[in-house]
Amino acid sequence: PISAFSNRIDLDDERDTDHFESLQSTNWQNMRFKPPPPDSNIGWRVEFRTIEAQITDFENAAYVSFCILLSRAMASFNCNFYIPLSYVQINMERAQKRNAVLEQ
């Protein structure tokens with residue numbers, strides 16, 4: 001559920017990102033889109049959040065290394081990860097069927 005405080009409902013979305021942060025914090029736990037701060041020339045950023053509990057230091061280092069390599073590959077190959085919403089809808093319909101993991 002999205003939580004909102006009564007004094008934070010009517011905000012200027014050009015200056016405040018509370019509405020965006022509330023929405024994205026309920027959907028993506030391992031990745032966050034970071035909007036640029038107001039009056040700043042930096043662009044959007046993506047923050048990868050590590051898994052809460054890696055078993056060993058080696059696994060933690062492997063995950064961080066993978067995230068670095070993935071982000072560099074995405075930047076150098078200019079990847080386009082746009083997915084039409086119609087594909088998302090089709091995927092959700094398939095995923096909700098009984099035994100979907102084995103039959104779809």
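Structure's up top.
Since we're looking at a predicted model, the values are computed, not measured. (Residues numbered from 1 in each chain as written. Predicted model: local features only at pLDDT ≥ 70, side-chain atom pairs only at ≥ 80, totals over all residues. Heavy atoms only, no water.)

Caption draft 1: Structural detail: the overall build of the protein chain. The secondary structure content of the protein chain amounts to four helices and two strands. When the helices and strands of the protein chain are read in sequence order from the N terminus, they spell out α-β-β-α-α-α. Taking all 104 residues of the protein chain together, the buried fraction comes to 6%. Accessible surface computed for the protein chain: about 9,300 Å², of which carbon and sulfur atoms make up 57%. (Helix = DSSP H or I, 4+ residues; strand = E, 2+ residues; numbered from the N terminus. Buried < 20%, exposed > 50% of the residue type's maximum accessible area, 1.4 Å probe, protein only. Areas by Shrake-Rupley, 256 points an atom, 1.4 Å probe, with all protein chains shown as cover.)

Caption draft 2: View of unusual backbone geometry. The phi torsion at Asn 78 lies on the positive side, around 50°, for a residue other than glycine. Note that Asn 78 resides in the loop between α2 (57-76) and α3 (85-95). Relative accessible area serves as the criterion here: at 66%, Asn 78 is assigned to the exposed category. Not every positive phi belongs to a glycine, and Asn 99 is a case in point at roughly 60°. As for its position among the elements, Asn 99 is in the loop between α3 and α4 (100-103).

Caption draft 3: A look at a nonpolar patch on the surface. Taken together, the side chains of Val 46, Phe 48, Phe 66, Leu 70, Met 74 and Phe 81 present a nonpolar region at the surface, about 540 Å² in accessible area. Elements with a minimum of two residues in the nonpolar patch: β2 (45-48) and α2. When residues in the nonpolar patch are grouped by element, the largest group, three residues, is from α2. Within the secondary structure layout, Met 74 lies in helix α2. (Patch = residues over 30% accessible without salt bridge, like charges linked within 9 Å, V, L, I, M, F, W, Y side chains within 5 Å. Salt bridge = Lys/Arg side-chain N within 4 Å of Asp/Glu carboxyl O.)

Caption draft 4: View of α2. The terminal C-alpha atoms of α2, which comprises 20 residues, lie 29 Å apart, in line with the 28 Å expected from a rise of 1.5 Å per residue. Where α2 ends, the next residue or the one after it, Asn 78, has phi of about 50°, a positive value. (Expected span 1.5 Å × (residues − 1).)

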